[in-house]
Amino acid sequence: MNVSNLPLIAIVVPCYNEEAAFPFCLNSLMEVVEKLQRSNKIRQGSHLLFVDDGSLDNTWQLISSAAANNKGVHGLKLSRNFGHQAALLAGLSHADADVVISIDADLQDDTNCIELMIDCYLKGNDVVYGVRSRRDTDSWFKRTSATLFYRVMAAMGVEQIHDHADFRLLSRRALKALLSLKEKNIYLRGMVPLIGFHSAKVFYSRAERIAGDTHYPLAKMISLAVRGITSSSIYPLRIIFHTGFIICLLSAVMIIYTLYQKISGHTVAGWASISLAILFFGGVQLLCLGVVGEYIGKIYTEVKNRPLFFIENEINAGSVSNTDATAQAVSATPMTYDTSKKTGK
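Note that the coordinates shown come from a computational prediction; the quantities given were computed from them, not determined experimentally.

Considering the overall build of the chain
Step number 1: Each helix and strand counted, the chain has 11 helices and eight strands in total.
Step number 2: In the chain, buried positions account for 45% of the 345 residues.
Step number 3: Pairs at least 24 residues apart make up 85% of the contacts formed inside the chain by residues separated by at least 6 positions.
Step number 4: As displayed, the chain has an accessible area near 17,900 Å², and 61% of this comes from carbon and sulfur atoms.

Written out as structure tokens, the structure is:
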């Protein structure tokens, strides 16, 4: 392939309190980039983009130091912690490359798959998903909860790739399409399949976290599931409708039965049946109100139209040349505001 036709790639890495894992992540990803450049699969100038999501440790200082010593390392610092999905979207919206690959800093995703992703891209695929084929390093609880997570999401009508998190490749046009989506309640695992385009999968075994502690305990997994379901599917609302319809039918039957017993003189005074009925219907009503409230909350967030993140600092990151994609992303979701001058060269 002609050198001028080689793809320029950017690897986006969201980071939150990754001081312990950062050196390993940096070395591993730089080795991959240099190997791909030597084998003439990617263009010189391909780089890493680390996004500091308001870390409380020395993560940003490590990113700054690495960027000062290597122009192939770019840094983006958010003004505070906005969450993994917002940080990832910040990196994607600032990546100026033909191919953008996202991966977490804990190196549980296999960096060797990046070359396979590039091969799939060169064969004409715009989206390549990294899919976990084995999770032997996870605890039984983690494996079970993850399996339950994907089954619940599928049952609720959320379209996503099973055992795929946020390790993926996007071509420039696929990224442009993704950034044109308008919602504020982002769930990238469910949004990427919506854009279509030719896609492929690469499979790998999930490794242990290279260093540090997990940032996705059970509470965050549940929160992610709720966000994914309510931002990608109206199935829970349909469940409420069907539940209400069934309860109405049962209530009509019970009313007829009660009237019959009253007319026949077979009724017995008591509080148990009344209490059970009140508790049952009260519980159902509160549950339904909670689900409806969750959707109303999502509407409230969308209507406010607030930016998803604010940029405090950038290092080595030039202005994005893909003006069409940037214009669409900013006009659809005004996500980025610089609060300080760039310090890059």
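Notes on the nonpolar core
Step number 1: Grouped together as the largest cluster of nonpolar side chains are 37 residues, with contacts concentrated most on Ile11, Val13, Phe50 and Ile101.
Step number 2: Broken down by secondary-structure element, the contributors of at least two residues to this core are strand E1 (9-15), helix H1 (22-38), strand E2 (47-52), helix H2 (59-69), strand E4 (99-102), helix H4 (113-122), strand E6 (164-171) and strand E7 (199-205).
Step number 3: In terms of residue count, H1 provides more of this core than any other element does, eight residues in total.
Step number 4: Not counting chain neighbours up to four residues away, the residues in contact with Phe50 comprise Val13, Cys15, Phe22, Cys25, Leu26, Ile63, Val73, His74, Gly75 and Leu76.
Step number 5: Counting 34 residues, the second largest nonpolar core, distinct from the first, contains Leu76, Leu89, Leu188 and Ile195.

Concerning the packing of aromatic side chains
Step number 1: Inspection of every chain in the model, using the stated rule, returns three aromatic pairs.
Step number 2: Taking the centre distance of 6.2 Å and the plane angle of 50° together, the rings of Phe82 and Phe310 count as tilted. Here the residue Phe82 occupies a position in the loop between strand E3 (73-78) and helix H3 (84-94), and Phe310 occupies one in the loop between helix H10 (272-304) and strand E8 (311-315), the gap between them amounting to 228 residues.
Step number 3: Classification of Phe310 by relative accessible area gives partly exposed; the value is 31%.
Step number 4: Note on Phe167 and Tyr204: the rings are 5.6 Å apart at their centroids and 80° apart in plane angle, and the pair reads as edge-to-face. Separated by 37 residues along the polypeptide, Phe167 in strand E6 and Tyr204 in strand E7 bring together distant segments of the chain.

The rules we used
Within each chain, residue numbers correspond to sequence positions counted from 1 in written order. Totals for whole chains, interfaces and linings use every residue, but because this is a predicted model, local features are given only for residues with pLDDT of at least 70 and side-chain atom pairs only at 80 or more, for both listing and counting. Computation of side-chain values covers all heavy atoms of the structure but excludes hydrogens and water. Only runs of H or I of at least four residues qualify as helices and only runs of E of at least two qualify as strands under DSSP, and these elements are numbered from the N terminus. Exposure classes here rest on a 1.4 Å probe applied to the protein chains alone. A residue is buried below 20% of its type maximum, exposed above 50%, and partly exposed in between. What makes two residues a contact is simply this: any of their non-hydrogen atoms within 4.5 Å. What sets the accessible areas is the Shrake-Rupley method with a 1.4 Å probe; for residues, cover comes only from the shown protein chains. Here, nonpolar core means buried Ala, Val, Leu, Ile, Met, Phe, Trp, Tyr and Cys residues that are tied together by side-chain atoms lying within 4.5 Å of each other. Here is the rule: rings of Phe, Tyr and Trp (six-membered ring for Trp) pair when centre to centre is within 6.5 Å. Planes less than 30 degrees apart are stacked, more than 60 are edge-to-face, and the remainder are tilted.

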